[in-house]
Amino acid sequence: MKKATSKELTPEQRTELKPLAALPDEAIDTSDAPELLDWSNPKRGHFYRSLK
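Residues numbered from 1 in each chain as written. Predicted model: local features only at pLDDT ≥ 70, side-chain atom pairs only at ≥ 80, totals over all residues. Heavy atoms only, no water.

1. Thoughts on the overall build of the protein chain
Then, number 1: On a plain count of helices and strands, the protein chain comes out with 1 helix and 0 strands.
Then, number 2: For the C-alpha atoms alone, the extent of the protein chain along its principal axes is close to 40 × 30 × 15 Å.
Then, number 3: When burial is assessed residue by residue, the protein chain has 0% of its 52 residues classed as buried.
Then, number 4: Averaging the coordinates of the 9 positive side-chain charges in the protein chain and doing the same for the 9 negative ones gives two points 19 Å apart. (Helix = DSSP H or I, 4+ residues; strand = E, 2+ residues; numbered from the N terminus. Buried < 20%, exposed > 50% of the residue type's maximum accessible area, 1.4 Å probe, protein only. Lys, Arg positive; Asp, Glu negative; His and termini not counted. Charge placed at Lys NZ, Arg CZ, Asp CG, Glu CD.)

2. A short note on the pattern of salt bridges
Then, number 1: Taken as a whole and assessed by the stated rule, the structure comprises 1 salt bridge.
Then, number 2: Between Glu-8 and Arg-14 there is a salt bridge; the shortest N-O distance is 3.3 Å.
Then, number 3: Judged by its relative accessible area of 66%, Glu-8 falls in the exposed class. (Salt bridge = Lys/Arg side-chain N within 4 Å of Asp/Glu carboxyl O.)

3. Let's talk about the environment of Phe-47
Then, number 1: Summarising the element assignment, Phe-47 is placed in the segment after helix 1 (11-22).
Then, number 2: Note on Phe-47: relative accessible area 81%, which makes it exposed.
Then, number 3: Taking the C-alpha atoms as reference points, Phe-47 and Glu-35, 12 residues apart in sequence, are found 20 Å from one another.

4. Focus: a nonpolar patch on the surface
Then, number 1: A cluster of nonpolar side chains, Leu-9, Leu-17, Leu-20, Leu-23 and Ile-28, forms an exposed patch at the surface whose accessible area comes to about 420 Å².
Then, number 2: Judged by its relative accessible area of 40%, Leu-9 falls in the partly exposed class. (Patch = residues over 30% accessible without salt bridge, like charges linked within 9 Å, V, L, I, M, F, W, Y side chains within 5 Å. Areas by Shrake-Rupley, 256 points an atom, 1.4 Å probe, with all protein chains shown as cover.)

5. What to know about helix 1
Then, number 1: Over its 12 residues, helix 1 runs 17 Å from end to end, which matches the ideal 16 Å to within 8%, given 1.5 Å per residue.
Then, number 2: With 0 of 12 residues buried, helix 1 is to be regarded as a mostly surface element. (Expected span 1.5 Å × (residues − 1).)

Okay, structure coming up:
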């Protein structure tokens, strides 16, 4: 089974994302998404649901 490819962005989406891409990392607020520092116990396939 082939993986689905992502759809191309529309010109409007590209226009909206351009100023965001220009922001420095310090200007981006990531306080609502804490950084995961401990990768010592990963679970492979945890979010995988097979298609039947």
